Amino acid sequence: MARKPTDAADTGRPDRADKPASADAPGNYAQLLGELDALRRALAEEAARAASAGSNPDSVPPASSGPDNMNPDGEDPASGPLLAVARLFPGMTRHRWRTLADEHGLRQWFAIELDKSTNFNLRELQKAVEDLAHQRDHDPLTGLMNRRAFLRQVELELQRVHRGGTELCLAMLDLDDFKRVNDTWGHACGDLVLRRMAELLRDATRAYDVAARIGGEEFVLLLPGASPLRAQALLERLLQDLRDESFECRDETFRISFSAGIAGCKGATVCRAEELLDRADKALYEAKAAGKARVRVHRLPGVPDYDRSTMVQSDEKQFLFSGNDD
Amino acid sequence: MTQNTTLSVSILSGKGGVGKTNIALNLGYCLYRGGHPLLLMDCDLGLANLDVLLGIAPDRNMQDLLDSDAAPRDIAVPIEQGGFDFLPAASGVPELVEMDGDMRALLVRKLEPLFSRYDFLFLDLGAGINPTVLAFAAMTQLRIVIVTPEPTSLTDSYALMKVLSTQHGVRDFFVIVNQAESRKEETQTFERLAAACRKFLDIEPQFLGGVRLDKAVPDAVRKQKPLMRVAPQSPAAQDLFSIAVKLQRMRAALLPELADRPPLRALSEEAY
């Protein structure tokens, strides 16, 4: 309702309850909370899948093993595969866990206290797993999200937009004449430009905008809560910042620019990620065709942003002023 | 369940500065003097005007209804003793102008217990075609559009009627022509508007009356007193009186219909 224009972080962002503490929680907890969100979604999917596969005699019955479900003979009713999933909880003691588990009904989660050496090895293992997971989702050169992880994020945000009746924008950026950089000064130079571009993207966006590298010299920016106008302003500022940069390779200086296409999605319409990317791509194409180093917003032909049936037309005004049928 | 006897009327214009609030106030005054308890609501929620015309500076306003546990009875300010009250709006509160459907529903719910003691509920709407204006206009049983002979006033009123009829299914409007220099100009102005409505919107507005251009009106405004009190014999005052009489008759005729309807139509019925 009441919007404070100067506070960008508050603009049009619904469903903070979806990620209550993650944004403010200290380091390890933020990560954990994010994972628990993902775990919840994963289990919800599994539950849905199991429910629909329920009539299939080969399907695994819903995992509900535990003391309450054991039959009198002590045999485990779940005859299918069984998995225990573990995660390290740095800083958590046995006593503290017991209290928490009792308070929040988590007695079915068992806790193992680790001695120093096992602790160390498992920590290392956990770190290796985390690094791999990060690598899987991020571009090694720039550290930005990669295409796969980005698409996942887009779907999430689109659901949020639809639920909350808000809007978002997607901007596709492509560095202009980038091939020239690699050809003239080599790939190491090209990499430098890409890394700098990624830095600029990260600096220009707020905490919850998402930046990704989805191609050789292609980047994409997800801007939740932004209108096409706001997105355009942001992209144009970014373009100016990039053009102001002076790059130096092999004792030569050069400048670079990008072209960008923006597509928006507003609450009521159901937008698909691929369609949104497609529209942004079309706008990007327009930007390139119009001479590069510019930003274009995609306009759906023939579809106005608002209902025009109430607009007073010129013939109506004419009639009011003169009383004539002209 | 008690039968409803309150007739709700919204007074709108599209264009600002055409005398909407003044007319609302003085019509209200006439009806009150005619023996009808009347509540005047300043629905220009973020830019209150009614209190200014009355020379009253109320401590509380409708925003307090939303912010605190204040009862509507505490917010209502008597203009005259014994049944002529008004509900002030706030001044300089943009959030009230941008009120969403839920807030409006809450406001109406909180006000409802207050309505039953009045024969008339006048909603003095703000200018323009923002969602608050449209919502309130669609909520009342009657609508009175105030126009002046000026082309911009005609266009703005027409635009307002167009939005209300096409987007909100509201098709009944009464028209008062304010500040015409002659009866002829009054009729011409109304006819111009009505013809456009007939031709393009397929609706038939009804002429409720005209209020002549009269120096006594700005004089009363400067004195911050109702015209009906300071210059009851002036031409404008007499015109207002005639219109009030019509409204009185209309209410009497509508009483059977009003009986089982709420004074303000539930928001769920609106076409949003």
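Computed from a predicted structure; not experimentally measured. (Residues numbered from 1 in each chain as written. Chains lettered and ligands numbered in written order. Predicted model: local features only at pLDDT ≥ 70, side-chain atom pairs only at ≥ 80, totals over all residues.)

(A) Focus on the sheet that holds strand E5 (residues 120-125) of chain B. Residues and elements named next belong to chain B. Reading across the sheet, the eight strands line up as E3-E4-E2-E5-E1-E6-E7-E8 and stay open at both edges, with mixed pairing between neighbours. Edge positions in the open sheet fall to strand E3 (77-80) and strand E8 (206-212), since each of these has one partner strand only. The mean inter-strand angle of the sheet, taken between neighbouring strand axes irrespective of direction, is 25 degrees. Pairing geometry for strand E1 (residues 7-12) and E5, over five bridges, is parallel. Pairing of Val9 across the sheet is with Phe122, part of E5. Contacting E1 and strand E6 (142-147), helix H8 (residues 151-168) crosses the sheet at an angle of about 160 degrees to E6. (Pairing = 2+ DSSP bridges. Helix = DSSP H or I, 4+ residues; strand = E, 2+ residues; numbered from the N terminus. Axes fitted to C-alpha atoms, helices over the stretch in contact; angles between N-to-C directions. Contact = placed C-beta atoms within 7 Å.)

(B) Quick peek at the pairing of strand E1 (residues 167-175) of chain A. Residues and elements named next belong to chain A. Burial of E1 is extensive: nine of the nine residues sit out of reach of the surface. Burial of the side chains of E1 extends over both faces: Glu167, Cys169, Ala171, Leu173 and Leu175 are buried on one face and Leu168, Leu170, Met172 and Asp174 on the other. With nine bridges joining them, E1 and strand E6 (residues 258-266) adopt antiparallel strand pairing. Paired with Ala171 across the strands is Ile262, a residue of E6. Pairing between E1 and strand E3 (residues 218-224): seven bridges, direction antiparallel. (Buried ≥ 20, exposed ≤ 12 C-beta atoms within 10 Å, placed from the backbone.)

(C) Molecular detail of unusual backbone geometry. Here the phi dihedral of A:Asp177 falls at roughly 50 degrees; this positive angle occurs in a residue that is not glycine. A positive phi angle is found at B:Asp202, which is not glycine, with a value near 55 degrees. Mapped onto the elements, B:Asp202 comes out in the loop between helix H9 (183-201) and E8. According to the C-beta neighbour criterion, B:Asp202 is exposed, with 9 such atoms within 10 Å.

(D) Region of the structure containing the confidence of the model for chain B. Overall, the predicted model of chain B reaches an average pLDDT of 89, with 96% of residues at or above 70. Residue range residues 268-272 of chain B is modelled with pLDDT below 50. Its contacts to residues more than four positions away, or to other chains, number seven contacts. (pLDDT = per-residue confidence, 0-100.)

(E) How the structure looks around the confidence of the model for chain A. With 78% of its residues at a pLDDT of 70 or more, chain A has an overall mean of 79. Segment residues 55-75 of chain A is flagged for pLDDT under 50; beyond a separation of four residues in sequence, or across chains, it makes 19 contacts in the model.

(F) Focus on the nonpolar core. Membership of the largest hydrophobic core comes to 86 residues, with the highest contact counts inside it found for B:Ile11, B:Phe122 and B:Val175. For this core, the element with the most residues is helix H1 (residues 20-33) of chain B, which contributes eight residues. (Core = buried A, V, L, I, M, F, W, Y, C linked by C-beta atoms within 7 Å.)

(G) Fine view of the sheet that holds strand E2 (residues 210-213) of chain A. Residue and element names in this part refer to chain A. The five strands are arranged E2-E3-E1-E6-E7 in an open sheet whose pairing can be described as mixed. For this open sheet the edge positions go to E2 and strand E7 (295-297), each flanked by a neighbour on one side alone. Across this sheet, the average inter-strand angle for adjacent strands is 20 degrees, counted without regard to direction. On the sheet, helix H4 (residues 147-164) packs against E1, E2, E3 and E6 and is oriented at approximately 20 degrees with respect to E3.

(H) Region of interest: the interface of chain A and chain B. The interface is formed by 11 residues belonging to chain A together with 17 residues belonging to chain B. Split into classes, the residues belonging to the side of chain A that touches chain B amount to six nonpolar, three polar and two charged. (Nonpolar A, V, L, I, M, F, W, Y, C, P; charged D, E, K, R; others polar.)

(I) Just the pairing of strand E7 (residues 174-180) of chain B, in detail. All names here are of chain B. Extensive coverage of E7 is indicated by the burial of seven of its seven residues. With four bridges joining them, E6 and E7 adopt parallel strand pairing. Along E7, the bridge assignment pairs Ile146 with Ile176. In terms of handedness, the path from E6 via H8 over to E7 forms a crossover that is right-handed. Relative to E8, E7 runs parallel, the two being bridged by six bridges. Looking at E8, one finds that Ile176 is bridged to Gly209. Assessed by its sense of winding, the connection that carries the chain from E7 through H9 to E8 is right-handed. (Right-handed = clockwise from strand over helix to strand, strands pointing away.)

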